[in-house]
Amino acid sequence: FNIREGWRRTDDGLPPRLLEAAARSGEGRSNILSGDKLHAILDDYYEARGWTPEGRIPLKQLKALGMNDLPDMVKEG
């Protein structure tokens, strides 16, 4: 669905309030997830899935998954 609708890496994010507000992590500590940290997490996630750095599923994977109608909608890269 996302591929068909033109999804891009810039669409893969969190609401600003989650990047601005501190999250409690126990014992009175809190952490803030920065935009840079989120991008690093996405890089690792995409790599682990075998996706491109832009968060796209390579054509070879789409075809292996039987999603033969999607390659026409996805640029190789």
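Scroll up for the structure.
These remarks concern the structure in this document. (Residues numbered from 1 in each chain as written. Predicted model: local features only at pLDDT ≥ 70, side-chain atom pairs only at ≥ 80, totals over all residues. Heavy atoms only, no water.)

### Looking at the overall build of the protein
Argument step 1. Within the protein, the secondary structure is distributed over three helices and two strands.
Argument step 2. From first element to last, N terminus to C terminus, the protein shows the α and β order α-β-β-α-α.
Argument step 3. Here the protein holds 77 residues, and the buried ones make up 19% of them.
Argument step 4. Counted over contacts in the protein with a minimum sequence separation of 6, partners at least 24 positions apart contribute 37%.
Argument step 5. Approximately 6,100 Å² of the protein is accessible, and the part contributed by carbon and sulfur atoms is 52%. (Helix = DSSP H or I, 4+ residues; strand = E, 2+ residues; numbered from the N terminus. Buried < 20%, exposed > 50% of the residue type's maximum accessible area, 1.4 Å probe, protein only. Contact = heavy atoms within 4.5 Å. Areas by Shrake-Rupley, 256 points an atom, 1.4 Å probe, with all protein chains shown as cover.)

### Brief notes about the packing of aromatic side chains
Argument step 1. Counting across every chain of the model gives three aromatic pairs.
Argument step 2. Here Y45 and W51 contribute two aromatic rings whose centre-to-centre distance is 5.7 Å and whose plane-to-plane angle is 90 degrees, an arrangement assigned as edge-to-face.
Argument step 3. Judged by its relative accessible area of 41%, Y45 falls in the partly exposed class.
Argument step 4. Note on W51: relative accessible area 22%, which makes it partly exposed.
Argument step 5. Taken together through their ring pairs, the aromatic side chains of Y45, Y46 and W51 make up a single cluster. (Phe/Tyr/Trp six-rings, centres within 6.5 Å; stacked < 30°, edge-to-face > 60°.)

### Quick notes on helix α2 (residues 35–49)
Argument step 1. The end-to-end C-alpha separation of α2 is 21 Å, in line with the 21 Å expected for 15 residues at 1.5 Å each.
Argument step 2. Within α2, burial applies to L38, L42 and Y46. With its buried residues spanning 70 degrees around the axis, α2 presents them on a single face. Of the residues in α2, the exposed ones pointing more than 90 degrees away from the buried face are D36, D44, E47 and A48.
Argument step 3. Contacts from the buried residues of α2 go to α1 (16–20). (Expected span 1.5 Å × (residues − 1). Arc of directions from axis to C-beta.)

### Topic: the pattern of salt bridges
Argument step 1. For the structure shown, the criterion picks out one salt bridge.
Argument step 2. Across the pair R9 and D43 runs a salt bridge whose closest N-O atoms are separated by 2.9 Å. Here R9, found in the segment before α1, pairs with D43, found in helix α2; they are 34 residues apart in sequence, far enough to count as distant.
Argument step 3. Classification of R9 as buried rests on a relative accessible area of 13%.
Argument step 4. Given the relative accessible area of 38%, D43 is considered partly exposed. (Salt bridge = Lys/Arg side-chain N within 4 Å of Asp/Glu carboxyl O.)

### Section: the side chain of R56
Argument step 1. Inspection of the secondary structure puts R56 in the loop between α2 and α3 (59–64).
Argument step 2. Here R56 sits buried without a salt bridge, and the closest side chain of opposite charge, D11, lies 7.2 Å off (N-O distance). (Lys, Arg positive; Asp, Glu negative; His and termini not counted.)

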